[in-house]
Amino acid sequence: MGAQALASLGAAQTSFVMPLETGKYYSVELMNYGVPAEAKILRRIYTGQGDDVTGMEWHGNAPPLRFPGTVLCLVGVPLGEGPLPRVGRVAISIVWVRHEDSDEWSYLVTAFESAAAGDFAPSLVFAQSAVEISMMPVIEEKLRRHASTEHVKNFMRDSLMFGHAVNIILPYLCAEAGLTRMPDVVRGALNKMRKKRNDIIHEGAKAASITAEDAMEGLCAAAFGFEYMRFVRPILERA
């Protein structure tokens, strides 16, 4: 899953060019280029702007599986033959997602991270969880206005499924509040993702059976579903 695919799902991309000297170490703080302090870095791409120099990451004996923090540790590396040391311009492209305090957003971030790492099955599980966690508290709050806390708690725990929530209860609540319902294409993709997720969790579907295309569609559905809930939630809470 490349940088453009991740960006198409809602990830941000920051690019800049800087000179690097061969054999010299550079500590590059991405916050100086507009990347937030709490951002999760999904992709780093280094492209020499000529045939002379590019950049490589410097790390310890145990490279981290996922990029920590917002500081790039780079060393200028020569391309081809020629006198050393020499300086060349290197384009740096960073794909990242913001990290907010809400519980549901952390699940969506993990879904993006898993997809970027090629772990497509966990990506779908976390993506579906992000939408579910953003939706269920709203439904529970609305139901508690008309039923006892204990009855609502039991219903939410034992009876209400994700499919019921996204296909029946949420459309009803939005219609009652005069809100445009979630587009059918998004809702359909969420249902498809839910089935894939259930195949993974309940039927032990092999990770290899979940493709990059499955992850792309699921993440896209989750991103739209998540943003839809960010839009309707404050209105539903006031209605």
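Calculation rules
- Residues numbered from 1 in each chain as written.
- Predicted model: local features only at pLDDT ≥ 70, side-chain atom pairs only at ≥ 80, totals over all residues.
- Heavy atoms only, no water.
- Core = buried A, V, L, I, M, F, W, Y, C linked by side-chain atoms within 4.5 Å.
- Buried < 20%, exposed > 50% of the residue type's maximum accessible area, 1.4 Å probe, protein only.
- Helix = DSSP H or I, 4+ residues; strand = E, 2+ residues; numbered from the N terminus.
- Pairing = 2+ DSSP bridges.
- Axes fitted to C-alpha atoms, helices over the stretch in contact; angles between N-to-C directions.

A. Seen up close, the nonpolar core. If you look at the biggest cluster of nonpolar residues, it comprises 51 residues, and the most contacted ones within it are Ile 139 and Leu 190. The biggest single contributor to this core is helix H3 (residues 120–143), with 11 residues.

B. Spatial organisation of the sheet that holds strand E6 (residues 87–97). Pairing in this open sheet of 3 strands is antiparallel, and the strands run E1-E6-E3 from one edge to the other. In this open sheet, the two strands that pair with only one neighbour each are strand E1 (12–21) and strand E3 (40–48). This sheet shows a mean twist of 20° between the axes of neighbouring strands, independent of strand direction. The pairing of E3 with E6 spans 8 bridges and is classified as antiparallel. Bridged to Ile 41 within E6 is Trp 96.

C. Looking closely at unusual backbone geometry. Between Leu 84 and Pro 85 the backbone carries a cis peptide bond, its omega angle lying at -5°. With respect to the element layout, Pro 85 can be found in the loop between strand E5 (71–78) and E6.

D. Region of interest: the sheet that holds strand E4 (residues 53–57). As summarised here, the arrangement of the 3 strands in space is E2-E5-E4, forming an open sheet in which the pairing is antiparallel. The open sheet is flanked by strand E2 (25–29) and E4, the only strands paired with a single partner. Averaged over all neighbouring strand pairs, the angle between strand axes comes to 40°, with direction disregarded.

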